[in-house]
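The primary structure of each chain is shown beneath.
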Amino acid sequence: MTSEVSKSASSQTKVKLWMDIFIFISFLVVMEPHLSDLPVHEWLGLALTFVMMVHLLLSWDWIVQITRRFFKTVGGQNRLNYILNWVFLLDGVVIMMSGIMISRVAIPALGLDLVLGPGWYKLHDLSTNVALLLLGLHTALHWSWIVSTINRYVFAPALSLIKR
Amino acid sequence: MKTLTRGLIILAVFVLLAGVVTVSVNVVAGVAVSMGLIDSPEERAAEEAAREAASASEAPEPVEREAPEDFNLFAYVVQWIRSTGKNVFVVAIPVLAIVVPKSLMARLRKRS
């Protein structure tokens, strides 16, 4: 039973790692719409919204745990991490909404015609630049997890393959 | 079932935040328009239409278009690396600013 639980936790960690790598690479592609072309930028950006939801789903236990204990016994780093994640989520929603509002390919292709209010372009630019900084902070706060997980699931299996 | 419920909760949070963001932006834009700080979408559309009509009436005679430049894969890759490198650099700054002092402190603590 215990081994089954640890097996499932390990496979979840693996999924999370590959998903995070995918999110990071996609984010870099989405950040350059003039190079990746507008349709790729918009569709990949929309797809990232759903991938982010899965990312949150995989971190569900941590989110619930910290939310319950936030005003009681949460360490400084966890508290900072939790607040930063909420800011990141809000920024992500701003990027998504402003992206939908200024969309010229994906949203019209879905048959929606949105009335564009002023300010959405600037907001999209600003929130994306803030997201870069927040991504850096998010990565820094999860650095030990990233290093240990990459060592465990990427480098260690690769080394054992070479040693054979 | 548990996963579906959790997914729906996350979706609800997304939708709620999206609603808050949209309403806030529209309220701020409405206030700015009423104070005359920015043009309303209708005014901007009318201005744009007038500008387009003016430019159409003054349109120069069509010039033969130059053939598009050949696609240069090397230049494209270099451009990708440059602009993506810039973004990676911006991400790396906070990572280095937090991780390096932290690991240095941990090493110093270990030594002492």
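Numbering of residues starts from 1 in each chain and follows the order in which that chain's sequence is written. Chains carry letters and ligands carry numbers; both start at the beginning, A for chains and 1 for ligands, and go up in the order they are written. Only residues with pLDDT of 70 or above have their local features reported here, since the model is predicted, and side-chain atom pairs are shown and tallied only from 80 upward, although totals for entire chains, interfaces and linings are computed over all residues. With hydrogens and water set aside, each side-chain value is computed from the structure's full complement of heavy atoms.

**A short note on the packing of aromatic side chains**
All names here are of chain A.
At step 1: Each Phe, Tyr or Trp ring (for Trp, its six-membered ring) is paired with any other whose centre lies within 6.5 Å, and the angle between the two planes then decides the class: stacked below 30 degrees, edge-to-face above 60, tilted in between. Enumeration over the complete set of coordinates arrives at 4 aromatic pairs over all chains.
At step 2: Each ring, one from Trp62 and one from Tyr82, has its centre 6.2 Å from the other, and the planes form 50 degrees; the classification is tilted. On the criterion of sequence distance, the pair formed by Trp62 in helix H4 (residues 60-69) and Tyr82 in helix H5 (residues 76-102) is long-range, its members being 20 residues apart.
At step 3: Under the scheme applied here, a residue whose accessible area is under 20% of the maximum for its type counts as buried, over 50% as exposed, and between as partly exposed, the area being computed with a 1.4 Å probe on protein chains only. Since its relative accessible area comes to 26%, Trp62 is described here as partly exposed.
At step 4: Accessibility expressed as a relative area gives 10% for Tyr82, which makes it buried.
At step 5: Between Phe70 and Phe71, the aromatic rings sit 5.1 Å apart at their centres with planes inclined by 90 degrees, giving edge-to-face as the arrangement.
At step 6: Each residue in the set Trp62, Phe70, Phe71 and Tyr82 is aromatic and connected to the rest through ring pairs, giving one cluster. Helix and strand assignments come from DSSP, with helices taken as H or I runs of at least 4 residues and strands as E runs of at least 2, each series counted from the N terminus.

**Side note on the nonpolar core**
At step 1: The criterion is simple. A nonpolar core is a set of buried Ala, Val, Leu, Ile, Met, Phe, Trp, Tyr and Cys residues joined through side-chain atoms within 4.5 Å. Core analysis: the largest hydrophobic core is formed by 16 residues, its most contacted members being Val93(A), Met96(A), Met97(A), Trp120(A), Phe14(B) and Val21(B).
At step 2: Looking at this core, the elements with two or more residues in it are H5 of chain A together with helix H1 (2-34) of chain B.
At step 3: Considering every element that reaches this core, the biggest residue donor is H5(A), with 7 residues.
At step 4: Once you skip the residues sitting within four places of it in the chain, Met96(A) turns out to touch Thr49(A), Phe14(B) and Ala18(B). Throughout, a contact is declared for two residues whenever any of their heavy atoms are within 4.5 Å.

**Describing the environment of Ser59(A)**
At step 1: Looking at where Ser59(A) falls in the secondary structure, it is placed in the loop between helix H3 (38-58) and H4.
At step 2: As a C-alpha pair, Ser59(A) and Thr13(A) span 46 residues in sequence and 9.9 Å in three-dimensional space.

**Some words on a nonpolar patch on the surface**
At step 1: Where nonpolar side chains cluster on the molecular surface, the patch consists of Val23(B), Val27(B), Val31(B), Met35(B), Leu37(B) and Ile38(B) and spans about 570 Å² of accessible area.
At step 2: Within the secondary structure, Val27(B) is located in helix H1. To count toward a patch, a residue needs a relative accessible area over 30% and no salt bridge; like charges are then connected within 9 Å, while nonpolar side chains (Val, Leu, Ile, Met, Phe, Trp, Tyr) are connected within 5 Å. Reported accessibility uses the Shrake-Rupley method at a 1.4 Å probe radius. Residues are deemed covered only where the shown protein chains occlude them. Take a side-chain nitrogen of Lys or Arg and a carboxyl oxygen of Asp or Glu: if they are within 4 Å of each other, that pair is a salt bridge.

**So, the pattern of salt bridges**
At step 1: Applying the stated criterion to the full structure yields 1 salt bridge over all chains.
At step 2: A salt bridge links Arg6(B) to Asp61(A), with the nearest nitrogen and oxygen atoms 3.8 Å apart. Of this pair, Arg6(B) sits in helix H1 while Asp61(A) is found in helix H4, placing the two residues in two different chains.

**So, the domain arrangement of chain B**
At step 1: Reported domain spans reflect what an automatic or database domain assignment gives. According to the domain assignment, chain B consists of domain 1 (1-57) and domain 2 (71-112).
At step 2: Computed from C-alpha coordinates alone, the two centres of domain 1 of chain B and domain 2 of chain B are separated by 35 Å.

**Some thoughts on the side chain of Ser98(A)**
All names here are of chain A.
At step 1: Structurally, the position occupied by Ser98 is in helix H5.
At step 2: By relative accessible area, which is 0% here, Ser98 ends up buried.
At step 3: Among the polar contacts listed, one links the side chain of Ser98 to the backbone oxygen of Val94, at a separation of 2.7 Å.
At step 4: Apart from the residues within four sequence positions on either side, Ser98 is in contact with Trp120, Leu123, His124 and Ser127. Two N or O atoms form a polar contact when they lie within 3.5 Å of each other; inside protein one atom must be a possible hydrogen donor and the other a possible acceptor, and for residues adjacent in sequence the pair counts only when both atoms belong to side chains.

**Section: the packing of helix H7 (residues 120-141) of chain A against helix H3 (residues 73-111) of chain B**
At step 1: For helices, the axis comes from a line fit to the C-alpha atoms of the stretch in contact; other axes are also lines fit to C-alpha atoms, and the angle between any two N-to-C directions lies between 0 and 180 degrees. As a packed pair, H7(A) and H3(B) sit with axes 8 Å apart at the nearest point and diverge in direction by 40 degrees. Taken as axis vectors, H7(A) and H3(B) run oblique relative to one another. Relative to H3(B), the crossing made by H7(A) is right-handed. For the pair H7(A) and H3(B), the contacting residues are Leu132(A), Leu133(A), Leu135(A), Gly136(A), Leu137(A), Thr139(A) and Ala140(A) in the first and Asn87(B), Val90(B), Val91(B), Pro94(B), Val95(B), Ile98(B) and Val99(B) in the second.
At step 2: Here the contact of H7(A) with H3(B) is built from residues that sort into 11 nonpolar, 3 polar and no charged. Small angles under 35 degrees read as roughly parallel and large ones over 145 as roughly antiparallel, with 65 to 115 read as roughly perpendicular and the rest as oblique. Left-handed describes a crossing in which the near helix is turned anticlockwise from the far one by less than a right angle; the clockwise case is right-handed. Each residue gets one of three labels, nonpolar for Ala, Val, Leu, Ile, Met, Phe, Trp, Tyr, Cys and Pro, charged for Asp, Glu, Lys and Arg, and polar for the others, Gly among them.

**Digging into the interface of chain B and chain A**
At step 1: Facing the 33 residues of chain B at the interface are 36 residues of chain A.
At step 2: Accessible-area loss on putting two parts together, using a 1.4 Å probe and summing over both, is the definition of buried area adopted here. Regarding the contact of chain B and chain A, the summed buried area is about 3200 Å², with carbon and sulfur atoms giving 82% of it.
At step 3: Our count for the contact surface shared by chain B and chain A stands at 1 salt bridge.
At step 4: Taken together, the connections running from chain B to chain A amount to 2 residue pairs in polar contact (both at pLDDT 80 or more).
At step 5: Counting residues per element, the ones that place at least two in the side of chain B that touches chain A are H1, helix H2 (41-57) and H3 of chain B.
At step 6: If one sorts the elements of the side of chain B that touches chain A by residue count, H1(B) sits on top with 15 residues.
At step 7: In terms of residue class, the side of chain B that touches chain A is made up of 21 nonpolar, 8 polar and 4 charged.

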